[in-house]
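# Residue-level structural notes
Spelled out, the chains give:
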Amino acid sequence: NAIAVWASIQGRLTHAVEEGLSNGTGALLAIEGLQPERRRDLLLALLQQLDQVMARLRAAPAEGVQQLSMQDQWGSLQVDLRRQAIQAMTGSYVRLPRGEELHSVVQELMDRSDLNQSDEELPDARRMLEPLVLDRPVLVDGQLLPADHPKALLQLETLVSNWLVRNAELISAELLGICGDWPELRRYLLDQRLVSTRELERLRNQLNNQSRWQLWVQRPIRLYESRRLLYQLNAGSIEPLTLTEPRDQELRNLGWWQQQVALLLEARDAIAPQVQTLVQRIGDLMVVVLTQVIGRAIGLVGRGVAQGMGRSVSRRPIGRG
């Protein structure tokens, strides 16, 4: 049933996180800025909070709480889920000096973090929640499969892994920003190399530039090509996985600049065959010109030179021995 399937997925992901994860995505990840222990604690805390949220969603129909759909309940629980994960990672009673006073770390992080953000690349949460909460079948390659089918189980694990990594990225980016003006917090949360202000600002700038490139260029391309980038935990590494699925509604909701990127792709697809044909014909014409015209002319010139040299040799007098 759904509870057993979720327990299996949670156990596998917990084991993967505890073993340690490297970055195999080929891109920068904000979570890499955290100390390995903090990174592990954050991912495990998110998994634990997701388990509690699913338990609450399962209990809601039994308790007669049906005023909100599952999607609405999920959205309202996201901020609290992230807050609880931060609290579990940092500890509720840790206080660090800031200036001449001691400040509660978790309280400062709660007050200064914007946890209402959403990642537009996250798939519809119902694809993950309905099989794991309501025990509904999973659509895999055009087939409706039970959640405990190997293919369905693998897809659900990928969706949970993607949710886990993307939420950890959102929280880590907020923590990197707060650590910028709190040196003691950098020592407590971040990797040793980021204690340096220069290294921390360099990482933040690189992440911001990467995020803008993804938002303004890469995302419109993926939407137009009906692709979705997911992150999965595989053999001790965070690896990218690209799925093909319809994204027409998201494509229509793009901003003006992002739509221009999609239009450029469409124009390239429309013009490319004609340009390819033109280039091919120009190439064929150049072959004809080089072989039939210029080649023959060079051959005639060479033959004339050879004949002239032959005549000059035949006319040269033979010296006496």
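Residues numbered from 1 in each chain as written. Predicted model: local features only at pLDDT ≥ 70, side-chain atom pairs only at ≥ 80, totals over all residues. Heavy atoms only, no water.

From N to C terminus, the protein includes 10 helices and seven strands. Within the span of the protein, comprising 321 residues, buried residues form 36% of the whole. Accessible surface, the protein as shown: approximately 18,800 Å² in total, 53% of it carbon and sulfur. (Helix = DSSP H or I, 4+ residues; strand = E, 2+ residues; numbered from the N terminus. Buried < 20%, exposed > 50% of the residue type's maximum accessible area, 1.4 Å probe, protein only. Areas by Shrake-Rupley, 256 points an atom, 1.4 Å probe, with all protein chains shown as cover.)

A few words now on the packing of aromatic side chains. Under the defined criterion, the tally for this structure stands at one aromatic pair. One cation-aromatic arrangement involves R38 over Y188; the distance from NZ or CZ to the ring centre is 4.2 Å. Cation over ring: R98 sits above W182, and NZ or CZ is 5.3 Å from the ring centre. (Phe/Tyr/Trp six-rings, centres within 6.5 Å; stacked < 30°, edge-to-face > 60°. Lys NZ or Arg CZ within 6 Å of the ring centre and 35° of its normal.)

Quick look at the side chain of Q35 now. For Q35, the location among the structural elements is in the loop between β1 (22-23) and α2 (36-62). Overall, the relative accessible area of 17% leaves Q35 in the buried class. In contact with Q35, other than residues within four places in its own chain, are R187, Y188, L189, L190 and D191. (Contact = heavy atoms within 4.5 Å.)

On to the packing of helix α3 (residues 70-90) against helix α5 (residues 126-133). For the pair α3 and α5, interaxial distance at closest approach is 11 Å and the crossing angle is 110°. One element, α3, and the other, α5, form an angle in the roughly perpendicular class. Facing M70, Q71 and W74 of α3, the residues of α5 in contact are R126, M128, L129, E130 and V133. Considered class by class, the residues forming the contact of α3 with α5 number five nonpolar, one polar and two charged. (Axes fitted to C-alpha atoms, helices over the stretch in contact; angles between N-to-C directions. Parallel < 35°, antiparallel > 145°, perpendicular 65-115°, else oblique. Nonpolar A, V, L, I, M, F, W, Y, C, P; charged D, E, K, R; others polar.)

A few words on the pairing of strand β7 (residues 237-244). In this structure, β1 lies alongside β7, joined through two bridges in parallel fashion. Paired with S22 across the strands is S237, a residue of β7. Pairing between strand β6 (residues 227-234) and β7: eight bridges, direction antiparallel. When the sheet's bridge partners are listed, N234 is paired in β7 with S237. As consecutive antiparallel partners, β6 and β7 are separated by two residues, and within that stretch A235 has a phi angle of approximately 55°, a positive value. (Pairing = 2+ DSSP bridges.)

As for its position among the elements, N23 is in strand β1. Residue classification places N23 among the partly exposed residues on the basis of a relative accessible area of 26%. Sequence separation between N23 and S237 is 214 residues, and the spatial gap between their C-alpha atoms is 5.8 Å. Excluding its chain neighbours within four sequence positions, the residues that come into contact with N23 are L28, L29, E32, S237 and I238. A distance of 2.6 Å separates the side chain of N23 from the side chain of T25, its partner in a polar contact. (Polar contact = N/O pair within 3.5 Å; in protein donor to acceptor, adjacent residues only side chain to side chain.)

Confidence along the protein averages 85 in pLDDT terms, with 82% of residues attaining 70 or more. Across the protein, the secondary-structure element scoring lowest on mean pLDDT is helix α10 (residues 256-315), at 66, and the one scoring highest is helix α6 (residues 150-179), at 95. (pLDDT = per-residue confidence, 0-100.)

Let us look at a nonpolar patch on the surface. Together, L215, W216, W256 and W257 give the surface a local cluster of nonpolar side chains, amounting to about 480 Å² of exposed area. With respect to the secondary-structure elements, W257 resides in helix α10. (Patch = residues over 30% accessible without salt bridge, like charges linked within 9 Å, V, L, I, M, F, W, Y side chains within 5 Å. Salt bridge = Lys/Arg side-chain N within 4 Å of Asp/Glu carboxyl O.)

In regular strands, side chains alternate between the two faces of the sheet. Across four bridges, the pairing between strand β2 (residues 95-98) and strand β3 (residues 101-104) is antiparallel. Residue pairing for β3: R95 is matched across the bridge by S104. Connecting β2 to the antiparallel partner β3 that follows it, the hairpin turn spans two residues, and G99 within it adopts a positive phi of roughly 75°.

Time to look at the pattern of salt bridges. Here the structure, examined in full by the defined rule, presents 21 salt bridges. Linking E225 and R227 is a salt bridge whose minimum nitrogen-to-oxygen distance equals 2.7 Å.

Attention shifts here to the packing of α6 against helix α8 (residues 197-224). Helices that pack against each other are described as a pair by the angle of their axes relative to one another and the distance between those axes. Running from N to C, α6 and α8 point in directions that differ by 140°, and their axes come no closer than 10 Å. Taken together, the axis directions place α6 and α8 in an arrangement best described as oblique. Crossing handedness for the pair α6 and α8: left-handed. Judged by residue contacts, L176, G177 and C179 of α6 engage L200, L203, R204 and L207 from α8. The residue makeup of the contact of α6 with α8, split by class, is five nonpolar, one polar and one charged. (Left-handed = near helix turned anticlockwise from the far one by under 90°.)

What helix α4 (residues 105-112) keeps buried is the set V105, V106, E108, L109 and M110. Two or three places before Q107, at the opening of α4, S104 has a side-chain oxygen 3.4 Å from that residue's backbone nitrogen.

By the secondary structure assignment, P240 is in strand β7. Along the sequence, P240 and N23 sit 217 residues apart, while their C-alpha atoms lie 9.8 Å from each other. Residues in contact with P240, not counting those within four places in the same chain, are G24, T25, L229, L230, Y231 and Q232.

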